Each structure stands twice: as structure tokens, then as C-alpha cells.
Amino acid sequence: MVDTIMMPQTHIAAIAVEKAYRKGEHKVPVLLGVDIEVRRGEFVSIIGQSGSGKSTLLHLLGLLDGPDVGEVKLYGERIDDLPQHSRDELRNRVFGFIFQFYHLLPELTVMENVLTPLMIRHSAWSYWKSRKAFQEQARELLDRVGLGHRLGHKPTELSGGEMQRAAIARALMGNPEVLLADEPTGNLDSETGAEIMDLLRNLNGRNDLTIIMVTHDESIAQQAHRTVRLAEGRLEAWVEAA
Ligand code: ADP
Ligand code: MG
């Protein structure tokens, strides 16, 4: 008998999702029916060549875009068809995003960049009332990612690895349940990339943070609990080359 109580809970899932983009007259199919189920606390990597649709899939999972066909579910509840304001709210509270090129705001300090998700979430007044607590939380997160000594620096004064650490702290600011990472080491040398992977594995292990990471790099992908491969619009189990 299957012990359902011991079965880890499905956290986030895509079911039979299809997505095509329109290029002028042409329709460019990208995802042709993709299924993925990720359990709570799991660290899954999605490997695939450039242009295979990795970013597209990550955007669908994080509600940055909607599927043409299929469903995205959070704890078994469909979320991709919710009204815009509910999707905005979920995106802000449930998901954290990190990107290959960090997407930090250049005119803000590291500290201010990390605080931006809370400025967006709260009204000006409610942010102002709680700003001390928020700043404390930002400082703790920046300490945790190893940037406690760079609070007042601007992104241009940081190395690539430091910029990604700042972006990770920003992604964690709202206490997300799911971290979506799009080629997080893609712009870093291998040593710095390994440090970022250590940090992600650490966050996943310590905080029960579900992580879905896309990459084209096999040695990076292998560091997750499980790897799936996106090719020709579909997901398949990835088997390491002998
Ligand atoms: P990957 O992240 O694996 O490199 P993407 O998901 O970015 O792949 O892109 C998959 C395909 O979809 C590519 O051919 C890309 O050119 C196309 N594509 C992605 N985003 C758009 C868009 N907004 N408009 C038109 N085509 C797009
Ligand atoms: Mg991409």
C-alpha cells in the first residue's frame, strides 16, 4: 500500500503546457506539451540548448507569462487562470526570481535593491512604518549571502558574483516558497559559479526552499536533486552521458 502521508507534496506543477510566439506572420512553437511536477523543498534543474524554451517555461511557472494551452498549479490549485491582481500578488509573494544578468537597478545601492520587492508590495505608508524591520531583514539576508560589507555599494562597484548574491538576497526578501533561477551562473567564471551553486544548495537545504533552475551547463545541472531536459518542445528525464 502506498503511504500517502509520507509522499512529499507536489509544490508547483505545469500540466500539458503549450506556448508559441508570433513572429510577424509566423507562429513559432516553443513548448509542445510540457509536464513537470516539483515537490516542496526539491531542487530541480532543467537543462536544454539555447532556444529550447527554458526561459519560456520558467516564465510560465512563475506567472510572468501565461500558457496558450495547459495549466500551472500551486499545491494542486490552478493559478495561471486567476485574475491579474491575484497573479500579481502570487508572483510577488510566492516566487522569487534570479536571472543571468542579475537585473539590479544601477542607480540604487545593494541595500535599496534588496528592499525593492517590499516597496512594491506595501503602500508608501505601510512601508514607512515598517522600514526599520525591513532594513533589518535586508541586512540579515545580505549577511547570509556574504554581502554584509557591501550594503551601500552600487551594482557597478560589485563583481559578477557579488551582483548575483545581491540578486539572490533580493529574491529572498519576500520569503518566497519557490525560487526560479534562469541561468544564474551563466555570466560567471566557473569558480564564482560554483560559489553561487553552493549558496543555492545551502538555501534549499536550510530553508526548505523549492528551487527550479534552468541552465545549459551539465556540470551545473547535476548539482540539483533531479535534472530534466527540454528538447524539441518537450521534457524528458535527463541521463548523464557516460
Ligand atoms: P532558452 O531560454 O532555452 O534559450 P527561450 O525560452 O528564451 O529559450 O526561447 C525559446 C524560443 O522562443 C526561441 O526561439 C526564442 O527566439 C523564442 N522567443 C522567446 N521569447 C520570445 C518572445 N517574447 N517573442 C518571440 N519569440 C520569443
Ligand atoms: Mg533563456
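Residues numbered from 1 in each chain as written. Chains lettered and ligands numbered in written order. Predicted model: local features only at pLDDT ≥ 70, side-chain atom pairs only at ≥ 80, totals over all residues. Heavy atoms only, no water.

**Student:** Pulling in residues and values, what's your account of the pairing of strand β7 (residues 178–182)?
**Tutor:** Taking burial as the measure, the 5 residues of β7 include 5 buried ones, the bulk of the element. Burial along β7 is two-sided: V178, L180 and D182 and L179 and A181, pointing in opposite directions, are all buried. By the bridge criterion, 5 bridges tie strand β6 (residues 95–99) to β7 in an arrangement that is parallel. Pairing of I98 across the sheet is with A181, part of β7. The sheet contact formed by β7 and strand β8 (residues 210–215) spans 5 bridges and is parallel. Looking at the pairing, V178 lines up with T210 of β8. Once the chain exits β7 it traverses helix α6 (residues 190–207) before rejoining the sheet at β8, and the crossover so formed is right-handed. (Buried < 20%, exposed > 50% of the residue type's maximum accessible area, 1.4 Å probe, protein only. Helix = DSSP H or I, 4+ residues; strand = E, 2+ residues; numbered from the N terminus. Pairing = 2+ DSSP bridges. Right-handed = clockwise from strand over helix to strand, strands pointing away.)

**Student:** Could you give me a rundown of the site of ligand 1, with the residues and numbers involved?
**Tutor:** Within the structure, ligand 1 sits among Y21, K23, V30, Q49, S50, G51, S52, G53, K54, S55 and T56. Note that an oxygen atom of ligand 1 is positioned 2.7 Å from one of the backbone N or O atoms of G51. Looking at the shell around ligand 1, the elements that each hand over two or more residues are β1 (10–23) and α1 (54–61). Per-element tally for the shell around ligand 1: the top contributor is α1, with 3 residues. Across the shell around ligand 1, the residue classes tally to 2 nonpolar, 7 polar and 2 charged. (Near = heavy atom within 4 Å. Polar contact = N/O pair within 3.5 Å; in protein donor to acceptor, adjacent residues only side chain to side chain. Nonpolar A, V, L, I, M, F, W, Y, C, P; charged D, E, K, R; others polar.)

**Student:** How would you explain the sheet that holds β7 if you had to name every residue and give the values?
**Tutor:** Spatial strand order, β6-β7-β8-β3-β9-β10: 6 strands in an open sheet with mixed pairing. The sheet terminates laterally at β6 and β10 (234–237), the two strands that pair on one side only. Averaged over all pairs of adjacent strands, the angle between strand axes in this sheet comes to 20°, irrespective of strand direction. Across 4 bridges, the pairing between strand β9 (residues 226–231) and β10 is antiparallel. For R229, the partnering residue across the bridge sits in β10 and is E236. In this fold helix α5 (residues 160–172) packs onto β6 and β7, with an angle of close to 165° to the strand it touches most, β6. Sitting on the sheet, α6 touches β3 (43–47), β6, β7 and β8, and the angle it makes with β3 is about 140°. (Axes fitted to C-alpha atoms, helices over the stretch in contact; angles between N-to-C directions. Contact = heavy atoms within 4.5 Å.)

**Student:** Go over the layout of surface pockets, please, and point to the residues and values.
**Tutor:** In this model, the largest pocket occupies a volume close to 450 Å³. For the largest pocket, the lining is made up of 18 residues, of which N92, F97, P117, I120 and R170 are closest to its centre. Looking at the lining of the largest pocket, the elements with two or more residues in it are α2 (84–93), β6, α3 (110–121) and α5. When residues in the lining of the largest pocket are grouped by element, the largest group, 4 residues, is from β6. Class assignment of the residues belonging to the lining of the largest pocket gives a composition of 10 nonpolar, 5 polar and 3 charged. (1 Å grid on protein atoms, 1.4 Å probe; cavity = no way out; pocket = protein on both sides within 12 Å on 5 of 7 lines; lining within 4 Å. Points joined across faces, edges and corners; volume = space filled by probe spheres on them.)

**Student:** How would you explain the pattern of salt bridges if you had to name every residue and give the values?
**Tutor:** When their charged atoms lie close together, side chains carrying opposite charge are able to pair. Per the counting criterion, the structure on display carries 18 salt bridges. D88 is the salt-bridge partner of R91, the closest N and O atoms lying 3.2 Å from each other. Of the two residues, R91 and D88 are both situated in helix α2; the distance of 3 residues between them amounts to about one turn of the helix. Take D88: its relative accessible area is 32%, and that puts it in the partly exposed class. R150 is the partner of E162 in a salt bridge, and the nearest nitrogen-oxygen pair spans 3.2 Å. Here E162, found in helix α5, pairs with R150, found in the loop between α4 (124–144) and α5; they are 12 residues apart in sequence, far enough to count as distant. You can call R150 partly exposed: its relative accessible area is 22%. Taken together, the shared-partner salt bridges in this structure form one network comprising E71, K73, R78, D80 and D81. (Salt bridge = Lys/Arg side-chain N within 4 Å of Asp/Glu carboxyl O.)

**Student:** Let's hear about the packing of α3 against α4: which residues, and what values?
**Tutor:** The N-to-C vectors of α3 and α4 enclose an angle of 125°; their axes lie 10 Å apart at closest approach. Between α3 and α4, the crossing angle belongs to the class labelled oblique. Of the two elements, α3 crosses α4, and the hand of that crossing is right-handed. Two secondary-structure elements touch here, α3 through V110, M111, V114, L115, L118 and M119 and α4 through Y127, F134, Q135, Q137, A138, R139 and L142. Grouping the constituent residues of the contact of α3 with α4 by class yields 10 nonpolar, 2 polar and 1 charged. (Parallel < 35°, antiparallel > 145°, perpendicular 65-115°, else oblique. Left-handed = near helix turned anticlockwise from the far one by under 90°.)

Worth remembering: the numbers are spatial, not functional.
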